[in-house]
Amino acid sequence: MTYKVHVRVVPRAGLLDPQGQAVEHALHALGFGAAGEVRIGRAIEMQVSAASAEAARAEVRRMCDKLLANPVTEDYQLEIEG
Amino acid sequence: MSLRVAVVRFPGSNCDFDTLHCAQRAGTDAYFVWHRDSSLQGADLVLLPGGFSYGDYLRSGAIARFSPIMPAVQAHAAAGGPVLGICNGFQILCEAGLLPGALMRNSRLTFVSRPVWLRVEQAETAFTSAYAAGAVVRMPVAHGDGRFAAAPDTLRQLEAEKRVVVRYVAPDGSPARGDDNPNGSLNDIAGICNAQGNVVGLMPHPDRAADPALGNTDGMGFFSSMLRWAAVPAGGR
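Quick caveat, the model's predicted, so the values are computed rather than measured.

(A) The overall build of chain A, seen in detail. When helices and strands are counted, chain A shows 2 helices and 3 strands. For chain A, the sequential pattern of α-helices and β-strands runs β-α-β-α-β. Rg of the C-alpha trace for chain A: 16 Å, well past the compact-globule value of 12 Å for 82 residues, more than 25% over. In terms of principal-axis extent, the alpha carbons of chain A reach across some 50 × 25 × 15 Å.

Here it is in structure tokens:
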């Protein structure tokens, strides 16, 4: 089976995220005062061949731990389609 | 016997020639090693130069750390061999887990390219012994991702074990104020070493301040220190 996997990598809570801050300021300047706690990370999509959704999830976790996220500064979340 | 110094080139390294030049000027037998090689060719010391390896894709240094040459760098470091990472080289060493912490986007989001002032806090490494402890020196930074970050415990440990090698300071050597710290690094940290002291990384560029033609030789100590290291018998290091 091939699974489509979405990975979201975000800066760890508590760490300064200057990009998030800058965008939050811009949103406020545009009148979107409702926005707060803006954090900016990255989204990664991929197709993963695996025997099951669980196997795909485990494999992508290994990818995140080894390369896709920095364990010192980032957290990640996975979503598997289908 | 001349001192063998390997300068590792990654795709996107752009301070490789400067670093080689400085190491040779210091009197070492410095040579290039390509990132796809698997041998350091008998290096006594290893230098990872600055640049933008793999275009800084994903995170600075994140892909370079898996280069074929890196197992040899890891083995060299594990055996106590000195390794210096400058700028992108520092980022690679952090990504590889050879140094703790990470280099994040500068706090003001801009690429910073200008001289800064540093205090040499740890003058007992293979790359800083030519300096007097506490010496204040000037050299350029040129980076977008130079904000040193680490967990609070790691930060405390680095300070307690005197592993902050260079720290951003004001021109008179007093604690950094305002823009003296160019990137928002925690504790004004510009460079650190590992627990054994043989792996050193810093964001500023000694390689851009080590030739009289450039009007500043404050960085030369990082290269001349290597000869002092070599002069000490292995048991006394």
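(B) Looking closely at the pairing of strand β9 (residues 164-169) of chain B. Residues and elements named next belong to chain B. For β9, the tally of buried residues reaches 6 of 6 residues, placing the bulk of the element in the interior. Summarising the sheet, strand β6 (residues 112-120) and β9 pair through 4 bridges and their orientation is antiparallel. Residue pairing across strands places V120 opposite V166, the latter belonging to β9. As judged from the 3 bridges shared by β9 and strand β10 (residues 189-193), these two strands associate in the antiparallel manner. In the sheet register, V166 faces β10, and the bridge partner there is G191.

(C) Representation of the sheet that holds strand β2 (residues 42-49) of chain A within the structure. Residues and elements named next belong to chain A. The sheet built from 3 strands is open, its strands ordered β2-β1-β3 with antiparallel pairing. Looking at the sheet topology across the chains shown, the edges are occupied by β2 and β3 (74-80). Averaged over all pairs of adjacent strands, the angle between their axes in this sheet comes to 25°, without regard to strand direction. Where strand β1 (residues 2-11) lies against β3, 7 bridges are found, and the strand directions are antiparallel. Note that in β3 the partner of V9 across the bridge is Y76.

(D) The interface of chain A and chain B, seen in detail. At the interface, 9 residues of chain A touch 12 residues of chain B. Looking at the side of chain A that touches chain B element by element, the count peaks at 3 residues for helix α1 (residues 18-29) of chain A. For the side of chain A that touches chain B, the residue count by class is 6 nonpolar, 3 polar and no charged.

(E) Expanded view of the sheet that holds strand β1 (residues 4-9) of chain B. Residue and element names in this part refer to chain B. The 9 strands are arranged β2-β1-β3-β4-β11-β10-β9-β6-β7 in an open sheet whose pairing can be described as mixed. The sheet terminates laterally at β2 (29-34) and β7 (136-143), the two strands that pair on one side only. Along the sheet, successive strands turn relative to each other by an average axial angle of 25°, direction set aside. Lying on the sheet, helix α2 (residues 70-78) is in contact with β1, β3 (45-48), β4 (83-86) and β11 (199-202); it crosses β4 at an angle near 125°.

(F) Structural detail: the nonpolar core. Counting 77 residues, the largest nonpolar core has V46 and L118 of chain B as the members making the most contacts within it. For L118 of chain B, the residues in contact, after removing those within four places along its chain, are V137, M139, V166, R167, Y168, V169, A190 and P204 of chain B. V60, L68, A69 and Y76 of chain A belong to the second largest nonpolar core, which has 8 residues in total.

(G) Expanded view of the environment of L158 of chain B. Residues and elements named next belong to chain B. With respect to the secondary-structure elements, L158 resides in helix α4 (residues 152-160). With 70 residues separating them in the primary sequence, L158 and N88 have C-alpha atoms 21 Å apart. Setting aside chain neighbours within four positions, we find L158 in contact with R163, V164 and I192.

(H) Region of interest: helix α5 (residues 221-231) of chain B. Residues and elements named next belong to chain B. With 8 of 11 residues buried, α5 lies mostly within the body of the structure. Of all the residues in α5, the buried ones are G221, F222, F223, S224, S225, M226, W229 and A230. Buried residues along α5 sit against β1, α1 (16-25), β3 and β4.

(I) Representation of the environment of A64 of chain B in the model. Locating A64 of chain B in the fold gives a position in the loop between β3 and α2. Distance in space between the C-alpha atoms of A64 of chain B and C22 of chain B is 23 Å, their sequence separation being 42 residues.

The rules behind the values
- Residues numbered from 1 in each chain as written.
- Chains lettered and ligands numbered in written order.
- Predicted model: local features only at pLDDT ≥ 70, side-chain atom pairs only at ≥ 80, totals over all residues.
- Helix = DSSP H or I, 4+ residues; strand = E, 2+ residues; numbered from the N terminus.
- Rg over C-alpha atoms; globule rule 2.2 N^0.38 Å.
- Buried ≥ 20, exposed ≤ 12 C-beta atoms within 10 Å, placed from the backbone.
- Pairing = 2+ DSSP bridges.
- Axes fitted to C-alpha atoms, helices over the stretch in contact; angles between N-to-C directions.
- Contact = placed C-beta atoms within 7 Å.
- Nonpolar A, V, L, I, M, F, W, Y, C, P; charged D, E, K, R; others polar.
- Core = buried A, V, L, I, M, F, W, Y, C linked by C-beta atoms within 7 Å.

Spatial relationships are all this shows, so hold off on functional conclusions.
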